[in-house]
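Overview (structure and organization)
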Amino acid sequence: MKLTVPDESDMITLGGRLAAALPDSGLVITLRGDLGAGKTTLVRAMLRTLGVTGHVRSPTYTLVEPYDIGGRRAFHLDLYRVADPEELEFLGVRDLDPVNDLIFIEWPERGGQLLPAADLAVEIAVAEPRGREVKLLPVAPRGLSAVGGMRDIGADSLRGG
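Throughout what follows, the structure given in this document is the object of discussion. Quantities reported herein were computed from a predicted structural model and do not represent experimental measurements.

1. Looking at the pairing of strand S4 (residues 72-78)
- With six of its seven residues buried, S4 lies for the most part within the structure.
- With six bridges connecting them, strand S3 (residues 64-69) and S4 associate as antiparallel partners. Paired with Tyr67 across the bridge in S4 is Ala74.
- What sits between S3 and S4 in their antiparallel hairpin is a turn of two residues, with Gly70 showing a positive phi close to 55 degrees.

2. Description of the sheet that holds strand S7 (residues 132-138)
- Taken together, seven strands build an open sheet; the order of strands is S1-S7-S6-S2-S5-S4-S3 and the sheet is mixed. Every interior strand has two partners, whereas the edge strands, strand S1 (2-5) and S3, have only one. In this sheet, adjacent strand axes meet at a mean angle of 15 degrees when their direction is disregarded.
- Pairing between S4 and strand S5 (residues 102-106): five bridges, direction parallel. Looking across to S5, one finds that Asp78 is bridged to Glu106.
- Each of strand S2 (27-32), S3, S4, S5 and strand S6 (120-126) touches helix H2 (residues 39-49); the most contacted strand, S5, lies at about 165 degrees to it.

3. Topic: unusual backbone geometry
- Phi is positive for Trp107, which is not a glycine, with a value near 60 degrees.
- Considering the arrangement of structural elements, one finds Trp107 in the loop between S5 and S6.
- On the basis of relative accessible area, Trp107 is assigned to the buried category, the value being 12%.

4. Details of the nonpolar core
- Residues Ile29, Leu47, Val122 and Leu136 are the most contacted members of the largest nonpolar core, which totals 32 residues.
- For this core, the leading source of residues is helix H1 (residues 8-21), giving five residues.
- Among residues more than four places away in sequence, those in contact with Val122 are Ile29, Thr30, Leu31, Arg32, Leu42, Val134, Lys135 and Leu136.
- If you look at the next biggest cluster of nonpolar residues, it comprises 14 residues, including Val28, Leu79, Val82 and Ile105.

5. Concerning H1
- Helix length check: H1 (14 residues) gives 20 Å between terminal C-alpha atoms against 20 Å at 1.5 Å per residue, within 8%.
- Turning to H1, its buried residues number three or more, namely Asp10, Met11, Leu14, Gly15, Gly16, Leu18, Ala19 and Ala21.

6. A few points about the packing of H1 against H2
- Relative to each other, H1 and H2 sit at 50 degrees, their axes nearing to 7 Å. Relative to H2, H1 is oriented oblique. H1 and H2 meet at a crossing whose hand is right-handed. Here H1 contributes Glu8, Met11, Ile12, Leu14, Gly15, Gly16, Leu18, Ala19 and Ala20 to the contact with H2, which in turn contributes Thr41, Leu42, Ala45, Met46 and Thr49.
- The class makeup of the residues in the contact of H1 with H2 is nine nonpolar, four polar and one charged.

7. Details of the side chain of Thr40
- Mapped onto the fold, Thr40 is located in helix H2.
- Of the residues examined, Thr40 reaches a relative accessible area of 16% and is grouped as buried.

What counts, and where the lines are drawn
- Residues numbered from 1 in each chain as written.
- Predicted model: local features only at pLDDT ≥ 70, side-chain atom pairs only at ≥ 80, totals over all residues.
- Heavy atoms only, no water.
- Buried < 20%, exposed > 50% of the residue type's maximum accessible area, 1.4 Å probe, protein only.
- Helix = DSSP H or I, 4+ residues; strand = E, 2+ residues; numbered from the N terminus.
- Pairing = 2+ DSSP bridges.
- Axes fitted to C-alpha atoms, helices over the stretch in contact; angles between N-to-C directions.
- Contact = heavy atoms within 4.5 Å.
- Core = buried A, V, L, I, M, F, W, Y, C linked by side-chain atoms within 4.5 Å.
- Expected span 1.5 Å × (residues − 1).
- Parallel < 35°, antiparallel > 145°, perpendicular 65-115°, else oblique.
- Left-handed = near helix turned anticlockwise from the far one by under 90°.
- Nonpolar A, V, L, I, M, F, W, Y, C, P; charged D, E, K, R; others polar.

The values are spatial; any link to function lies outside them.
Okay, structure coming up:
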């Protein structure tokens with residue numbers, strides 16, 4: 001699914017709609033895009049929709065932020081500052097449970113083979129003259145289910161197809 005997202009408020013709307021389509025079980029979502037593309041904005045909107053209250057921090061410096069969403073665990077990883085995938089061992093990446101946890105990974109290419117396999121890949125690119133082009137690419141059945149669920153709740157209204 002490819003969408004044109006004109007501004008930040010629409011990125012927040014997209015995050016809410018994607019969160020509403022997520023399965024109750026675990027899911028691994030990778031996010032790729034240049035600095036400032038909107039990866040953290042999208043994840044923040046998803047976490048808010050799923051029930052996270054209080055401050056939703058960007059994990060740029062902590063590298064991982066954990067959340068408890070009504071007994072469900074969610075983790076937001078930002079690997080931009082990771083120089084070597086072996087650094088992930090110190091973050092407890094092997095303790096993440098992709099079957100039950102909701103895992104968001106920004107800059108997944110920096111994590112190498114130590115990361116769990118993605119269910120859904122999100123690619124965000126700046127679209128001229130303004131806005132963003134967002135591709136939702138299911139790479140596993142759970143990711144396909146989430147994208148299919150978005151069609152049911154009208155995500156195509158964000159100017160996509």
